[in-house]
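Structure assessment
Listed below are the residues making up each chain.
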Amino acid sequence: MPRLIVNDEPMQFQAGISILDALQSAKVHVPHLCHDERLAAVGACRLCLVAVHGVAHPVAACTTPIADGMAIATHT
């Protein structure tokens, strides 16, 4: 199970899910419009952008898969 740091808090999630799904399961609110479980994620609205340590630009949480050791900030 991948271990992530979310807003300076260590957390663990099941593998193979998006950042948005992981954050929602941890009850961390990230605004989103176009995400719907019945549809394929496209990241079109760009409202769910989060900062990932080591990545130069914000990423769409709905289309980015989690990875072990990832550090995510939702309130930057």
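Anything mentioned here points back to the structure above.
First, a word on scope: everything that follows refers to the structure included in this document. Since this is a predicted model, take the numbers as computed values, not measurements. (Residues numbered from 1 in each chain as written. Predicted model: local features only at pLDDT ≥ 70, side-chain atom pairs only at ≥ 80, totals over all residues. Heavy atoms only, no water.)

The next point concerns the environment of Gly 69. Structurally, Gly 69 can be placed in the loop between strand S4 (59-60) and strand S5 (71-73). Placed 66 residues apart in sequence, Gly 69 and Arg 3 show a C-alpha to C-alpha distance of 5.7 Å. (Helix = DSSP H or I, 4+ residues; strand = E, 2+ residues; numbered from the N terminus.)

Residue position: Ser 18 is located in the loop between strand S2 (9-12) and helix H1 (19-25). Within polar-contact distance, the side chain of Ser 18 engages the backbone nitrogen of Asp 21 at 3.1 Å. Setting aside anything within four residues of it in sequence, one finds Ser 18 in contact with Ala 61, Cys 62, Thr 64, Pro 65 and Ile 66. (Polar contact = N/O pair within 3.5 Å; in protein donor to acceptor, adjacent residues only side chain to side chain. Contact = heavy atoms within 4.5 Å.)

The residue Asp 8 is not glycine, and still its phi comes out positive at about 70°. With respect to the element layout, Asp 8 can be found in the loop between strand S1 (3-6) and S2. On the basis of relative accessibility, which here comes to 73%, the residue Asp 8 falls in the exposed class. Phi at Lys 27 takes a positive value of approximately 60°, unusual for a residue other than glycine. (Buried < 20%, exposed > 50% of the residue type's maximum accessible area, 1.4 Å probe, protein only.)

A word on the pairing of strand S3 (residues 49-52). Taking every second residue as pointing to the same face, the buried face of S3 carries Val 50 and Val 52, while none of Leu 49 and Ala 51 on the other face is buried. Across 2 bridges, S3 lies against S4 in antiparallel orientation. Opposite Val 50, over in S4, you have Val 59 as the bridge partner. Hairpin connection of S3 to S4: 6 residues between the antiparallel strands, including Gly 54 at a positive phi of 95°. Alignment of S3 against S5, held across 2 bridges, turns out to be antiparallel. Looking across to S5, one finds that Ala 51 is bridged to Ala 73. (Pairing = 2+ DSSP bridges.)

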